[in-house]
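Okay, here's what each chain looks like letter by letter:
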Amino acid sequence: MSVVGDTPRRAVPTTDTATGADAGVRDLTHTGQMRKLLVTAVSLVLITSGATLSSAGAVPSVKVVSQQTITQNLTSPWGMAFLPDGSALISERDTARIRRIPARSPGSPAVSMSRAPVVGTVSGVVPGGEGGLLGIAVPPTTGSAQPAYLFAYFTGRNDNRVVRIAWDGRRLGKQTPIVTGIPKASYHNGGRLLVDDDTLFIATGDAGVPDLSQDRRSLAGKVLRVDFDGKPAAGNPFSGSPVFTFGHRNVQGLALDDAGRLWATEFGTSKADELNLLLPGRNYGWPIVEGRGSDRRFTNPKVTWSPTSAASPSGMAISGGNAYVASLRGEVLWRVPLNGTRAGKPVAVPIGERSRLRTIEVAPDGRLWLMTNNTDGRGDPGPRDDRLIRLSIGE
Ligand SMILES: [Ca+2]
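Heads up: these notes are all about the structure in this document. (Residues numbered from 1 in each chain as written. Predicted model: local features only at pLDDT ≥ 70, side-chain atom pairs only at ≥ 80, totals over all residues.)

Side note on the nonpolar core
With 91 residues, the main nonpolar core has Leu-193, Phe-201, Ile-202, Trp-263, Met-316, Ala-323 and Leu-370 as its most contacted residues. Apart from the residues lying within four places of it in its own chain, the contact partners of Met-316 are Gly-253, Leu-254, Ala-255, Trp-263, Thr-265, Ala-323, Tyr-324, Val-325, Ala-326 and Ile-360. (Core = buried A, V, L, I, M, F, W, Y, C linked by C-beta atoms within 7 Å. Buried ≥ 20, exposed ≤ 12 C-beta atoms within 10 Å, placed from the backbone. Contact = placed C-beta atoms within 7 Å.)

Thoughts on the environment of Pro-350
Note that Pro-350 resides in the loop between β24 (347-348) and β25 (357-362). When the 16 C-beta atoms within 10 Å are taken as the criterion, Pro-350 is described as partly exposed. For the pair Pro-350 and Val-332, spaced 18 residues apart in sequence, the C-alpha separation works out to 8.5 Å. (Helix = DSSP H or I, 4+ residues; strand = E, 2+ residues; numbered from the N terminus.)

Focus: the sheet that holds strand β15 (residues 243-246)
What the 4 strands build is an open sheet, ordered β12-β13-β14-β15; its pairing is antiparallel. On the outer flanks of this sheet lie β12 (193-196) and β15, each paired with one strand and no other. Strand-to-strand twist across the sheet, computed as the mean angle between neighbouring axes with direction ignored, equals 15 degrees. Bridge analysis of strand β13 (residues 199-203) against strand β14 (residues 222-226) gives 4 bridges, and the strand direction is antiparallel. (Pairing = 2+ DSSP bridges. Axes fitted to C-alpha atoms, helices over the stretch in contact; angles between N-to-C directions.)

Points about the environment of Val-195
When you line up the elements, Val-195 lands in strand β12. Given 18 C-beta atoms within 10 Å, Val-195 falls into the partly exposed group. Note: C-alpha distance between Val-195 and Phe-151 (44 residues apart in sequence) is 9.1 Å. The contact partners of Val-195, leaving out residues within four places of it in the chain, are Ala-137, Val-138, Pro-139, Pro-140 and Leu-200.

A short note on the pairing of strand β6 (residues 97-101)
Across a regular strand the side chains alternate sides, sitting on one face of the sheet and then on the other. Among the 5 residues in β6, 4 count as buried, and that is most of the element. Note that strand β5 (residues 88-92) and β6 share 4 bridges and pair antiparallel. By the bridge assignment for β6, Ile-90 is matched with Arg-99. Counting the residues in the hairpin turn of β5 and β6 gives 4 residues, including Ala-96, whose phi is positive at 65 degrees. Pairing between β6 and strand β7 (residues 118-121): 3 bridges, direction antiparallel. Bridge pairing in β7 links Arg-99 to Val-118.

Treat this as a map of the structure, not an account of what it does.
Pasting the structure below:
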């Protein structure tokens, strides 16, 4: 492999399985000195896409056409799911509440929390570390019909689990567990949900026990594919199993491209974060391989970020042939051009600030909604945090 640019001499302190993966060393990021080091690390980051390596310090070629704060003062927000009317449901990790952010026209002022009503509280959530109420997802409906239910992933007393929650168009109703027994820990709980027609993808983490990722009987370190009752979906690669892919460390980003291919972001230790194209039954290497390797048993990532302080990617959205990756420690929104099964060089989207970024989704009108995550216990929240930001991005 050839390397363009210098290997970083001073990597930001590692987050390993003992200290948490979803990023960031809180006490250090509070100092100006460390902030400066973080910026330096980003400018030196090495990014691989395909067989090439290059520096990401170049001037971004991405243009933000419009940027607007939709709402502010959210508390530990995590998941986001749009309803057919263009409003969004937002989960709060530490309060277990779900709020509804109303749809609004461009140019109108930011929605205050008093106009973002709590539609219900998910039962059984035991927040702690990176755990709590995490991803939410809504099944597709026809036209303006409201969905009959939504899905939520949360950390409970003994496990991580996915529940189906009745939805009457205004409030949460009866809650039914559909997938239980996903190993939990303070770190590496995964948590993203994605609905694809009549199936539900569930991203989990290794719960701090890396070997579980290679054990297909464990729900840890996997991407699962189930029906809306939580049963293994028809056509899954391993008969009778919900496992779709395995060998993951901690996946928190899932998105489908225009051709229906499934892409996922994954936190590394300090070595390499990953963007993977998920193919049924494939083994993505953890903990034997992190980043790219030459062992043919494992599927290599399409993009890596090294060191992981450059990214620590959580949520992802795909729009207009690009993947948008919300980074926590990196405090950068990365845009990765996709071309079929290939991914190009990531470029930072110039959003004019450095913030921990948790989640990004495509709204029904095609714009991107980006969620900051400075109130998650590892950030340095400003008076308006956390915020939802609407973005329109040009080529
Ligand atoms: Ca991997």
